[in-house]
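Overview (structure and organization)
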Amino acid sequence: METPISDSIGLKIIPLGGLGEIGLNMAVFEYGDDIVIVDCGLMFPEPDMLGIDIVIPDITYLTDRPEKVRAILLTHGHEDHIGALPFVLRQINPPIYGTALTLGFVKEKLKEYELDNKVDLRVVRPRDVVDLGVFSVEFIRVAHSIVDGCGLAIATPEGVVIHTGDFKLDQTPVDGELTDLATFSRYGEAGVLA
Ligand SMILES: [Zn+2]
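Note that the coordinates shown come from a computational prediction; the quantities given were computed from them, not determined experimentally. (Residues numbered from 1 in each chain as written. Predicted model: local features only at pLDDT ≥ 70, side-chain atom pairs only at ≥ 80, totals over all residues. Heavy atoms only, no water.)

**Considering the overall build of the protein**
Looking only at helices and strands, the protein has 5 helices and 10 strands in total. Its C-alpha atoms give the protein a radius of gyration of 17 Å, within 12% of the compact-globule value 16 Å for 194 residues. Based on the C-alpha atoms only, the size of the protein along its principal axes is roughly 50 × 40 × 35 Å. Classification of the 194 residues of the protein by burial places 49% in the buried group. Here the contacts in the protein between residues at least 6 apart in sequence split such that 58% fall between residues at least 24 apart. When the accessible area of the protein is evaluated, it comes to approximately 9,800 Å², of which 53% is carbon and sulfur surface. (Helix = DSSP H or I, 4+ residues; strand = E, 2+ residues; numbered from the N terminus. Rg over C-alpha atoms; globule rule 2.2 N^0.38 Å. Buried < 20%, exposed > 50% of the residue type's maximum accessible area, 1.4 Å probe, protein only. Contact = heavy atoms within 4.5 Å. Areas by Shrake-Rupley, 256 points an atom, 1.4 Å probe, with all protein chains shown as cover.)

So this is what it looks like as C-alpha cells:
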C-alpha cells in the first residue's frame, strides 16, 4: 500500500509562487509536523488580467494545516517578498522573522490594514540562528538593491538548504554591507542538500 504524500516523512519544499514568474515569492519548507515559510510576496497583474489589482499566492496548503506553521521568514522588504502579508496574516498568524529594516517596511504596510498590533514581529540580525521546530535557520547578509537583505541557511533533518533570497555580488553596496560569502562558503564546504 502506498503512503499518501501528505503523511510521508521527509523534507518537502513547496513553492506557492515565484518560480518562473516575477513576484509572488513564497516557499514552504515542511518536515513532519513543522512548516516554515520563506517570503510572502505579491505580484502586480499582467496586462491581460483585467480588473485585478494585485495577485497573491494561493495558501490553501497552509490554511489546511495552520497548526504546523512555525514562522514566516522574510529575506528582504521588496513588495514581491512581503506584499501578500496583510492578506495571508488574516488567515494564518505565525511569528514573522526579518531584519530591522525589513520588519520596518512590514509594520508600515500592516498599519494600513490595521494589523500592526495583531502580529508577532521578531527582529533578527545577520548570523542569528533561530530554532523553529525541527528546523534551525541562520540569516546570512546579502547585498541587494534594497538594504538589510538576507539569505537563509535552513538546516533540516535531511541536510541544509540554502535560500539566497535576491542578491547581487556588489563590492560597493550603498550601505557598505557586503554579501557574506564567508558564511555561504562555510556551508558550501560542510555540504549542502539544495
Ligand atoms: Zn528584491
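**A word on unusual backbone geometry**
One non-glycine residue, Asp39, adopts positive backbone phi at about 70°. The backbone phi angle of Asp148 is positive, close to 65°, even though this residue is not glycine. A relative accessible area of 16% places Asp148 in the buried class.

**Considering the nonpolar core**
Burial of nonpolar side chains together is a common tendency in soluble globular proteins. Among the nonpolar cores identified, the biggest contains 23 residues, and Met26, Ile37, Leu62, Ile72, Leu74 and Leu85 are the most heavily contacted of them. Of all the elements in the fold, those that place two or more residues in this core are strand E2 (26–31), strand E3 (34–38), strand E4 (69–73), helix H3 (85–88) and helix H4 (100–112). Excluding anything up to four places from it in sequence, Met26 contacts Ile14, Pro15, Leu16, Gly17, Ile37, Val38, Asp39, Cys40, Pro57, Ile59, Leu62 and Val88. Among the nonpolar cores identified, the runner-up in size contains 19 residues, and Leu73, Tyr97, Val124 and Leu152 belong to it. (Core = buried A, V, L, I, M, F, W, Y, C linked by side-chain atoms within 4.5 Å.)

**Overview of the pattern of salt bridges**
Note that side chains of opposite charge can pair when their charged atoms are close. Within this structure, the stated rule accounts for 10 salt bridges. One salt bridge connects Asp34 with Arg70, and the closest N-O pair in it is separated by 2.5 Å. Of this pair, Asp34 sits in strand E3 while Arg70 is found in strand E4, placing the two residues 36 residues apart along the sequence. Using a relative accessible area of 27% as the deciding quantity, one classes Arg70 as partly exposed. A salt bridge links Asp180 to Arg127; the shortest N-O distance between them is 2.8 Å. Of this pair, Asp180 sits in the loop between strand E10 (159–163) and helix H5 (181–190) while Arg127 sits in the loop between strand E6 (121–123) and strand E7 (129–132), and the two are 53 residues apart along the sequence. Look at Asp180 and you get buried, because its relative accessible area is 10%. Looking at Arg127, the relative accessible area reads 49%, which means it is partly exposed. Ionic contacts of the salt-bridge type, sharing partners, join the residues Lys12, Glu30 and Lys68 into one network. (Salt bridge = Lys/Arg side-chain N within 4 Å of Asp/Glu carboxyl O.)

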